[in-house]
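Structural description and commentary
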Amino acid sequence: MLFVKFLQKYAKNRIPPYLYTDIALNLHLINSFGNMDTAKTPSRMASLKRWLASLSFRTGLIVGGVCIICYILSFAQMLLPISATAKGVLWVVLFGMAKATQYTALLIIGKAGITRIRGYFRRTRSS
């Protein structure tokens, strides 16, 4: 809100009108969003997190496998004979999917699952 007052007082004559209008509109949207009732958002996120945590360990491993496949595809598509723009778009989409599935897998597996995976690798290495 302080920035809006500063903008109205000092910058209105120094900024081109079209840019001032854009800035004022964006600040208005930000302020109106900040005043929204967001009390339901944490409960929705918490319920989503609880639902993901209720999924099985095996489901988490499958989602982790999809994550690895997305990572491989995001870099392997660079070998395709297509335009650089298409490669960039494919990379962004596939890398975004990889990150989303990575964090989803971590939420599903949880701390106990990660301990379980570490134990598996420790047993395998010591054998």
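Calculation rules
Residues numbered from 1 in each chain as written. Predicted model: local features only at pLDDT ≥ 70, side-chain atom pairs only at ≥ 80, totals over all residues. Heavy atoms only, no water. Helix = DSSP H or I, 4+ residues; strand = E, 2+ residues; numbered from the N terminus. Contact = heavy atoms within 4.5 Å. Areas by Shrake-Rupley, 256 points an atom, 1.4 Å probe, with all protein chains shown as cover. Patch = residues over 30% accessible without salt bridge, like charges linked within 9 Å, V, L, I, M, F, W, Y side chains within 5 Å. Salt bridge = Lys/Arg side-chain N within 4 Å of Asp/Glu carboxyl O. Axes fitted to C-alpha atoms, helices over the stretch in contact; angles between N-to-C directions. Parallel < 35°, antiparallel > 145°, perpendicular 65-115°, else oblique. Left-handed = near helix turned anticlockwise from the far one by under 90°. Nonpolar A, V, L, I, M, F, W, Y, C, P; charged D, E, K, R; others polar. Expected span 1.5 Å × (residues − 1). Bend = angle between axes of the 7 residues up to and from the residue. Buried < 20%, exposed > 50% of the residue type's maximum accessible area, 1.4 Å probe, protein only. Polar contact = N/O pair within 3.5 Å; in protein donor to acceptor, adjacent residues only side chain to side chain. pLDDT = per-residue confidence, 0-100.

**So, the overall build of the protein chain**
- If you tally the helices and strands in the protein chain, you get five helices and zero strands.
- Scanning the protein chain from its N terminus toward the C terminus, one meets helices and strands in the order α-α-α-α-α.
- When contacts within the protein chain are restricted to residue pairs at least 6 apart in sequence, long-range pairs at least 24 apart make up 59% of them.
- Of the accessible surface of the protein chain, which amounts to about 10,200 Å², a share of 69% is contributed by carbon and sulfur atoms.

**Things to note about a nonpolar patch on the surface**
- On the surface, Met-45, Leu-48 and Trp-51 cluster together into a nonpolar patch covering about 340 Å² of accessible area.
- With respect to the helices and strands, Met-45 occurs in helix α3 (residues 40-54).

**Side note on the packing of helix α4 (residues 57-76) against helix α5 (residues 84-126)**
- It is at 7 Å that the axes of α4 and α5 come closest, and there the two elements cross at 150°. As far as their axial angle goes, α5 and α4 are roughly antiparallel. Between α4 and α5 the crossing geometry is left-handed.
- Grouping the constituent residues of the contact of α4 with α5 by class yields 18 nonpolar, eight polar and two charged.

**So, α5**
- Between its first and last C-alpha, α5 extends only 46 Å over 43 residues, short of the 63 Å set by a 1.5 Å rise per residue.
- Gly-110 marks where α5 bends most, by close to 90°.
- If you check which residues of α5 are buried, you get Lys-87, Leu-94, Ala-98, Thr-101, Ala-105, Ile-108, Ile-109, Gly-113 and Gly-119.

**So, the environment of Ala-76**
- Tracing the backbone through its elements, the reader meets Ala-76 in helix α4.
- Judged by relative accessible area, Ala-76 falls into the partly exposed class, the value being 35%.
- Residues Ala-76 and Trp-91, spaced 15 residues apart in sequence, show a C-alpha to C-alpha distance of 9.2 Å.

**A look at the environment of Tyr-71**
- Tracing the sequence through the fold places Tyr-71 in helix α4.
- Expressed as a C-alpha distance, the spacing of Tyr-71 and Gly-96, which sit 25 residues apart in the sequence, is 9.2 Å.
- Once residues lying within four places of it in the same chain are set aside, the contact partners of Tyr-71 are Phe-95, Ala-98, Lys-99 and Gln-102.
- A polar atom in the side chain of Tyr-71 sits 3.4 Å from the side chain of Lys-99.

**Re the side chain of Ser-74**
- With respect to the helices and strands, the residue Ser-74 is situated in helix α4.
- Taking the relative accessible area as the measure of exposure, Ser-74 reaches 0% and is therefore buried.
- When neighbours within four sequence positions are excluded, Ser-74 is seen to be in contact with Trp-91, Leu-94 and Phe-95.

**Overview of the confidence of the model for the protein chain**
- Of the residues in the protein chain, 66% reach a pLDDT of 70 or more, and the chain-wide mean stands at 78.
- Averaged pLDDT values for the elements of the protein chain fall to 54 in helix α2 (residues 17-34) and rise to 93 in α4.
- In this model, residues 33-38 is a region of pLDDT below 50 whose contacts with residues beyond four sequence positions or in other chains number zero contacts.

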